[in-house]
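Structural overview for review
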Amino acid sequence: MPITFQLDIVSAEKSIFSGSVDSLVATGELGELGISPGHAPLLTSLKPGTVTVKDHEGKEESFYVSGGMLEVQPHITTILADTATRADDVDEAAAIAAKEAAEAAMADQNSEIEYSKAASELAEAVAQLRTLQAIRKKAGK
Amino acid sequence: MAVGKEIRTKIGSIKNTQKITSAMEMVAASKMRKAQDRMEATKPYADKIRSVIGHLAMGHTEYKHPYIIEREVKRVGFILVSSDRGLCGGLNTNLFKKALTEMKQLQEQEIELDLCLIGSKAGAFFNRFGGNIVAKTHGLGDAPTVTDLIGTVKVMLEAYDQGKIDKLYLVHNEFVNTMVQEPQILQLLPVEKQQEDELKHHWDYIYEPDAKELLDVLLVRYIESQVYQGVVDNIACEQASRMVAMKAATDNAGDIIDELQLNL
């Protein structure tokens, strides 16, 4: 009976790998690390790099992860992979963009109100035109 | 009584409308199927990360993260997920109604609100309605990526870190089935402890490099994945709701045509 453990590699958008493996090698924040069955509970972050898994037949399979987390528990190991390359400054830029969109929207509020005002005026004008047309039709008949 | 020719033109124009609505129905149906697949695909990550967080909360950890600790609530953040486009029945309206009831209750307790809006419908609604909008994003399309959401989520998380908000909610539609979509309000922060009794014994992880840094990253990822799931869920709801609305419109057009044909 081969000794294996369950490994799941998942990203926020999809599941990448799931199965029982013999061992795995990943690039941790502090260096390469290998996990074999019976490893102590461990939680570590991963650097962008490859994750190589070996199943009990000795077949190897490699995945690229752009960072993430590795969690080892008795009998089950999970890799929570990031989908995108993460860097603090990139995140920061995205946050600023979102804030600016909100501010622009607040500044735009006046124009929005004017727009709804104009829309209601237009609706009124259209209604008046319709009644006029109806009256004309009647008069024509 | 309208003349024959007028009725015929009317029938023609309604037939055109019917063609459009039935086309929209079919498009929505196929998009819904894709959105449902995407929804399924996000589940494993969310489940896994939830169980890791659950273990962390249960395990005897040496470090308590601010995201886990409850604090007195003075100001609350809302992340509202809406659709970008209309013509999807009462989907957005129901969601806003539910959010507003909740917000009113909070305001009665003199708790202030910060809003983070995803989707242009929410943007348009709260522009008219008012509210302190701190972050906003729209135009995510049918297949959003986590990258699209990082910015908005980070704004709210920073606000939480700085103590500007003491609680964070996610409001989105939950896909029950094609006919039923339910607006949901979910508490994101502080992270609620799960009732799991499996792990009674106290144990702790080996942390590499150290617990604080890892938990920081993990909890941020957790919140992001929750919001992402909310968004994907909402897209499936949008398509389902549009499909139903367009089906109703097509049927109604058919009824009107029948009636007009009788008049003819």
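Before reading further, recall that the structure is shown in the block above.
Residues numbered from 1 in each chain as written. Chains lettered and ligands numbered in written order. Predicted model: local features only at pLDDT ≥ 70, side-chain atom pairs only at ≥ 80, totals over all residues. Heavy atoms only, no water.

Observations concerning the pairing of strand 1 (residues 5–11) of chain A
Residue and element names in this part refer to chain A. Cut-off, in case you're wondering: Each residue gets one of three labels from its accessible area relative to the maximum for its type: buried under 20%, exposed over 50%, partly exposed in between, using a 1.4 Å probe on protein chains only. Starting at the N terminus, helices and strands are each numbered in turn, a helix being any DSSP run of H or I of at least four residues and a strand any DSSP run of E of at least two. At least two bridges found by DSSP between two strands is the condition for calling them paired.
Among the 7 residues of strand 1, 6 are classified as buried, and the element is accordingly described as predominantly covered. Sheet analysis places strand 1 next to strand 2 (residues 15–21), joined by 6 bridges and oriented antiparallel. Looking across to strand 2, one finds that Ile9 is bridged to Phe17. Linking strand 1 back to strand 2 in an antiparallel pair, the connection comprises 3 residues. Here strand 1 runs beside strand 7 (residues 76–81); their pairing, made up of 6 bridges, is parallel. Opposite Asp8, over in strand 7, you have Thr78 as the bridge partner.

A word on the pattern of salt bridges
All names here are of chain B. Note the following rule: The salt bridge definition used is simple: a Lys or Arg side-chain nitrogen within 4 Å of an Asp or Glu carboxyl oxygen.
Tallied over the full model, the rule gives 9 salt bridges over all chains. Glu40 is the partner of Lys43 in a salt bridge, and the nearest nitrogen-oxygen pair spans 4.0 Å. Taken as a pair, Lys43 and Glu40 lie in helix 1 (residues 4–58) at a separation of 3 residues, close to a single helical turn. Put simply, Glu238 and Arg242 hold a salt bridge, and the shortest N to O gap is 3.1 Å. Of the two residues, Glu238 and Arg242 are both situated in helix 5 (residues 211–263); the distance of 4 residues between them amounts to about one turn of the helix. Residue Glu238 is classed as buried on the basis of its relative accessible area, which comes to 9%. A relative accessible area of 7% places Arg242 in the buried class. Here the residues in one salt-bridge network are Arg75, Glu112 and Asp114, joined through shared partners.

Geometric values such as these leave the question of function open.
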